[in-house]
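What follows is the residue order along each chain.
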Amino acid sequence: MTTPAAEVIAACRALDVRFSVTVRMNASIKQAIAAIDATAWKAIKYPQAVWDSEEERWISDAEIAEIRYTAFASKPKKQQVTARLIVRRVKRLNPAAVPEGQGELFTTWRYHAAFTDSTLPLIDAERDHRRHAIVEQVICELKNGPFTHAPSGSFQANAAWLALAALAFNLTRACGTLAGTVHARATCATIRDHLINVPARLARSARRLALHLPEHWPWRDAFETLFSTVHTPPQPA
């Protein structure tokens, strides 16, 4: 693991705070994963699918296991940390996504590991760590969207941009959810491309406005579902 990770874990231990950090697939981590007994893997099914950005698909089934692991082995003994390496693996469906030079173990499965001193049972500890991914995805979308130019040198400007970015994110996610299943799971960038940044023409006729949308538009049904839902009269109290 990297120096920043070592500093974070050291700070957590000094303050008697539990840590759970995602680790990269370096040689040491791969060696530890290869040492996990085949019978140690437990099948789990997520209540909600997890987006796999490398293979560009949603994952709903996986297996998890754990093994003791000593991090920062190259550092002095007092700086080394021994804790749990919790590993989640999913089967590869796209052979083209296999990194070059990987062994058979990593050709069949994709692995995601977390280093933690959590005292929770394996399934609960893995689920608790996975909650971080939701926040990280939101942060990633904000950085790639309305918050891309932050921070600035002004605290007030940063605060304003953050508030506006949160509003834009929430409204975009709401539009995706209302548009249907496909866009409920899509990123904000996809929702903007499909349903918001649409080449259309506004026309007036008989004091009425008409929105002319593209012909043979693949997202017509999703847009109409969103439009109809938003403009449905409120139900009587």
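Reading the values: the criteria
- Residues numbered from 1 in each chain as written.
- Predicted model: local features only at pLDDT ≥ 70, side-chain atom pairs only at ≥ 80, totals over all residues.
- Heavy atoms only, no water.
- Core = buried A, V, L, I, M, F, W, Y, C linked by side-chain atoms within 4.5 Å.
- Buried < 20%, exposed > 50% of the residue type's maximum accessible area, 1.4 Å probe, protein only.
- Helix = DSSP H or I, 4+ residues; strand = E, 2+ residues; numbered from the N terminus.
- Contact = heavy atoms within 4.5 Å.
- Phe/Tyr/Trp six-rings, centres within 6.5 Å; stacked < 30°, edge-to-face > 60°.
- Salt bridge = Lys/Arg side-chain N within 4 Å of Asp/Glu carboxyl O.

Here we look at the nonpolar core
Then, in step 1: Core analysis: the biggest nonpolar cluster contains 23 residues, and Ile9, Phe19, Ile29, Tyr69, Leu85, Val87 and Phe115 have the highest contact counts within it.
Then, in step 2: When residues of this core are traced back to their parent elements, those giving at least two are α1 (3–14), β1 (20–23), α2 (27–34), β3 (57–71), β4 (81–91) and β5 (109–116).
Then, in step 3: Core analysis: the next-biggest nonpolar cluster, separate from the first, contains nine residues, Ala186, Val198, Trp217 and Leu226 among them.

Concerning the environment of Leu211
Then, in step 1: Tracing the sequence through the fold places Leu211 in strand β7 (residues 208–212).
Then, in step 2: Using a relative accessible area of 46% as the deciding quantity, one classes Leu211 as partly exposed.
Then, in step 3: A C-alpha to C-alpha distance of 6.7 Å links Leu211 and Ala200, two positions 11 residues apart in sequence.
Then, in step 4: If we skip the residues at most four places from it in the chain, Leu211 touches Ala200, Arg201, Leu202 and Phe223.

Concerning the packing of aromatic side chains
Then, in step 1: Tallied over the full model, the rule gives five aromatic pairs.
Then, in step 2: Plain terms: the ring middles of Trp41 and Tyr111 are 6.0 Å apart, the flat faces sit at 55 degrees to each other, and that makes the pair tilted. Of the two residues, Trp41 is situated in the loop between α2 and β2 (42–52) and Tyr111 in strand β5; the sequence distance between them amounts to 70 residues. We note that Trp41, like Tyr111, is buried.

Some thoughts on the environment of Thr119
Then, in step 1: Tracing the backbone shows Thr119 in the loop between β5 and α4 (122–143).
Then, in step 2: Among the residues examined, Thr119 registers a relative accessible area of 62% and is labelled exposed.
Then, in step 3: A C-alpha to C-alpha distance of 9.4 Å links Thr119 and Arg84, two positions 35 residues apart in sequence.
Then, in step 4: Setting aside residues no more than four positions away along its own chain, Thr119 makes contact with Arg18 and Arg84.

Looking at the pattern of salt bridges
Then, in step 1: Here the structure, examined in full by the defined rule, presents seven salt bridges.
Then, in step 2: The closest approach of N and O atoms between Glu126 and Arg130, which form a salt bridge, is 3.2 Å. One end of the pair, Glu126, and the other, Arg130, are both in helix α4, four residues apart, so they sit about a helical turn from each other. The pair formed by Glu126 and Arg130 is uniform in burial state, with each residue classed as buried.
Then, in step 3: Salt bridges here are not isolated pairs; linked through shared partners, they connect Arg88, Glu126 and Arg130.

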